[in-house]
Amino acid sequence: TGDIASTAVPASAQSGPIIALPLTGVVRSPNDPRGFAVYVVSGEGENTIARLRDVTLGAVIGNDVQVLSGLRKGDRIVSMGATLLIDGSHVRILPS
C-alpha cells in the first residue's frame, strides 16, 4: 500500500545554481500587462532607493519563484511591501 507519483524535469532545466526570490517581492510590470517586475534596491543609508526592473519568471518553488532573467547574483530586492512602492521610492533596509 503505497503511493505512486511521476515527475518530469524540463529539458531546459538549468544544472547550475538558480536565482529565486519570495513571491511577495514580485509585482506586475507597468511595461507589460502579462509581465512581472521586482524592486531592486541601490544605495546606502538615507540614499537607499528602490528601482523597478522587469524580470522573467520560471518555476514556483514553495513560496519562492525562480528568476530566469532580469536579476544578477547579489542584487538586493524588496521582499515585503513591494506593492506599496513606486519606482524611485526611498526605502529603509530592516535587518532580517
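## Notes on the overall build of the protein
Then comes step 1: Along the protein, the regular secondary structure elements total 0 helices and 7 strands.
Then comes step 2: Out of the 96 residues belonging to the protein, those deemed buried represent 25%.
Then comes step 3: When contacts within the protein are restricted to residue pairs at least 6 apart in sequence, those whose partners lie at least 24 apart make up 54%.
Then comes step 4: Looking at the protein as shown, the accessible area adds up to about 7200 Å², and 54% of this sits on carbon and sulfur atoms.

## Some points on the pattern of salt bridges
Then comes step 1: Applying the stated rule across the entire model yields 4 salt bridges.
Then comes step 2: Two residues, aspartate 75 and arginine 72, come together in a salt bridge whose shortest N-O distance is 4.0 Å.
Then comes step 3: Looking at aspartate 75, the relative accessible area reads 23%, which means it is partly exposed.
Then comes step 4: Through salt bridges with shared partners, a single network forms among Arg53, Arg72 and Asp75.

## What to know about the layout of surface pockets
Then comes step 1: One number sums up the size of the largest pocket: a volume of about 310 Å³.
Then comes step 2: Surrounding the largest pocket, Val41, Arg76, Ile77, Val78, Ser79, Met80, Gly81, Leu85, Val91, Arg92, Ile93 and Leu94 form its lining.
Then comes step 3: Class assignment for the residues of the lining of the largest pocket results in 8 nonpolar, 2 polar and 2 charged.

## Regarding the nonpolar core
Then comes step 1: Counting 9 residues, the largest nonpolar core consists of Val27, Ala37, Tyr39, Val41, Ala50, Val78, Ala82, Leu85 and Val91.
Then comes step 2: Ranked by residue count, the leading element in this core is strand S3 (residues 36-42), at 3 residues.
Then comes step 3: The residues touching alanine 82, leaving out its near neighbours within four places in the chain, are Thr24, Gly25, Val27 and Tyr39.
Then comes step 4: Core analysis: the next-biggest nonpolar cluster, separate from the first, contains 8 residues, Leu21, Val38, Val40 and Val67 among them.

## Some remarks on the confidence of the model for the protein
Then comes step 1: Of all residues in the protein, 83% attain a pLDDT of 70 or more, and the chain-wide mean is 86.
Then comes step 2: Averaged over each element, pLDDT in the protein is lowest for strand S1 (residues 19-22) (91) and highest for strand S2 (residues 26-28) (96).

## Structural notes on the pairing of strand S5 (residues 64-69)
Then comes step 1: Of the pairings in the sheet, the one linking S1 to S5 comprises 4 bridges and is antiparallel in character. Directly across from alanine 20, in S5, lies its bridge partner glutamine 66.
Then comes step 2: One ladder, built from 4 bridges, connects strand S4 (residues 49-61) with S5; its direction is antiparallel. Within S5, the residue paired with isoleucine 61 across the bridge is aspartate 64.
Then comes step 3: Linking two consecutive strands that pair antiparallel, namely S4 and S5, is a turn of 2 residues; a positive phi of about 65° is found at glycine 62 within it.

## Here we look at the environment of serine 29
Then comes step 1: Topologically, serine 29 is positioned in the loop between S2 and S3.
Then comes step 2: Residue serine 29 is classed as buried on the basis of its relative accessible area of 6%.
Then comes step 3: Taking C-alpha positions, serine 29 is 8.4 Å from leucine 52, a pair spaced 23 residues apart along the chain.
Then comes step 4: With residues up to four places along the chain from it excluded, the contact list for serine 29 reads Gly35, Phe36, Ala37 and Asp54.
Then comes step 5: Only 3.0 Å separates the side chain of serine 29 from the backbone nitrogen of asparagine 31, close enough to count as a polar contact.
Then comes step 6: Within the local environment of serine 29, its side chain forms a polar contact with the backbone nitrogen of aspartate 32, the two atoms lying 3.4 Å apart.

Rules of the game
- Residues numbered from 1 in each chain as written.
- Predicted model: local features only at pLDDT ≥ 70, side-chain atom pairs only at ≥ 80, totals over all residues.
- Heavy atoms only, no water.
- Helix = DSSP H or I, 4+ residues; strand = E, 2+ residues; numbered from the N terminus.
- Buried < 20%, exposed > 50% of the residue type's maximum accessible area, 1.4 Å probe, protein only.
- Contact = heavy atoms within 4.5 Å.
- Areas by Shrake-Rupley, 256 points an atom, 1.4 Å probe, with all protein chains shown as cover.
- Salt bridge = Lys/Arg side-chain N within 4 Å of Asp/Glu carboxyl O.
- 1 Å grid on protein atoms, 1.4 Å probe; cavity = no way out; pocket = protein on both sides within 12 Å on 5 of 7 lines; lining within 4 Å.
- Points joined across faces, edges and corners; volume = space filled by probe spheres on them.
- Nonpolar A, V, L, I, M, F, W, Y, C, P; charged D, E, K, R; others polar.
- Core = buried A, V, L, I, M, F, W, Y, C linked by side-chain atoms within 4.5 Å.
- pLDDT = per-residue confidence, 0-100.
- Pairing = 2+ DSSP bridges.
- Polar contact = N/O pair within 3.5 Å; in protein donor to acceptor, adjacent residues only side chain to side chain.

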